[in-house]
Amino acid sequence: IKELNFKYPHIVMAQSILETGHYKSGIFIENHNLFGMKEATSRLNLAVGTNNNHADYKGWEDSVIDYALWCGTYANSARSEEDYYEILKSVGYAENPEYITKLKEIVEKEKLKEKF
């Protein structure tokens, strides 16, 4: 996450924690998918296919790079953290209406801003 120079790496890290259930979910273990991504059909991506209705990657590193490609396509216009959260909400990144609240809670609880 640091190497790819995300605008808001603490939010990206919170997403990986939330989407994987602290790196224990089947989608992460079987698909190496850190972000709950579905296989992209209208943008460049690194998925090698679909498994369990989610993008499948050779390794978790490809999942991070694919998320960076997603950000370049959909979230590049964010000018603040709140913009970024709003983009996640407006594009329907997650089905859970509490997704943004949960991300913010993880950022605080895990002190993620201090880690980047």
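These remarks concern the structure in this document. Fair warning: this is a prediction, and the values are worked out from it, not measured in the lab.

## What to know about the side chain of Gln15
Part 1 of the argument: Take Gln15: it is sitting in helix α1 (residues 9–20).
Part 2 of the argument: There is a polar contact of 2.4 Å between the side chain of Gln15 and the side chain of Tyr67.

## Remarks on the packing of aromatic side chains
Part 1 of the argument: For the coordinates displayed, the defined rule picks out nine aromatic pairs.
Part 2 of the argument: Here Phe35 and Tyr67 contribute two aromatic rings whose centre-to-centre distance is 4.4 Å and whose plane-to-plane angle is 20°, an arrangement assigned as stacked. Here the residue Phe35 occupies a position in the loop between α2 (26–31) and β1 (49–51), and Tyr67 occupies one in helix α3 (residues 60–75), the gap between them amounting to 32 residues. For the pair formed by Phe35 and Tyr67, the shared burial category is buried.
Part 3 of the argument: For the pair Tyr67 and Trp70, a centre-to-centre distance of 5.5 Å together with 20° between the ring planes defines the contact as stacked. Here Tyr67 pairs with Trp70, and both are found in helix α3, just three residues apart, close to one helical turn.

## Examining unusual backbone geometry
Part 1 of the argument: Even without being glycine, His22 reaches a positive phi, approximately 60°.
Part 2 of the argument: Tracing the chain through its elements places His22 in the loop between α1 and α2.
Part 3 of the argument: Here His22 falls in the partly exposed class, since its relative accessible area comes to 45%.
Part 4 of the argument: At Tyr23, a residue that is not glycine, the phi angle is positive and equals roughly 70°.
Part 5 of the argument: If you trace the backbone, Tyr23 turns up in the loop between α1 and α2.

## Let's talk about the environment of Ala75
Part 1 of the argument: For Ala75, the location among the structural elements is in helix α3.
Part 2 of the argument: Taking the C-alpha atoms as reference points, Ala75 and Leu46, 29 residues apart in sequence, are found 18 Å from one another.
Part 3 of the argument: The contact partners of Ala75, leaving out residues within four places of it in the chain, are Trp70, Tyr84 and Ile87.

Cut-off values and rules
- Within any chain, residue numbers begin from 1 and follow the written order of that chain's sequence.
- A pLDDT threshold of at least 70 governs which residues receive local features in this predicted model, and a stricter bar of 80 or more applies before side-chain atom pairs are shown or counted, although totals over entire chains, interfaces and linings include all residues.
- The side-chain numbers reported here are obtained from all heavy atoms of the structure, hydrogens and water having been left aside.
- Secondary structure follows DSSP: runs of H or I at least 4 residues long count as helices, runs of E at least 2 residues long count as strands, and numbering of each begins at the N terminus.
- We call two N or O atoms a polar contact when they sit within 3.5 Å, provided that within protein one can donate a hydrogen and the other can accept it, with sequence-adjacent residues counted only if both atoms are side-chain atoms.
- Only Phe, Tyr and Trp rings take part, Trp by its six-membered ring, and two of them pair if their centres are within 6.5 Å. Stacked means planes under 30 degrees apart, edge-to-face means over 60, and tilted covers everything else.
- The buried label applies to any residue whose accessible area, calculated with a 1.4 Å probe on protein chains only, is under 20% of its type's maximum; exposed applies above 50%, and partly exposed to all values in between.
- Should any heavy atoms of two residues lie within 4.5 Å, those residues are considered in contact.

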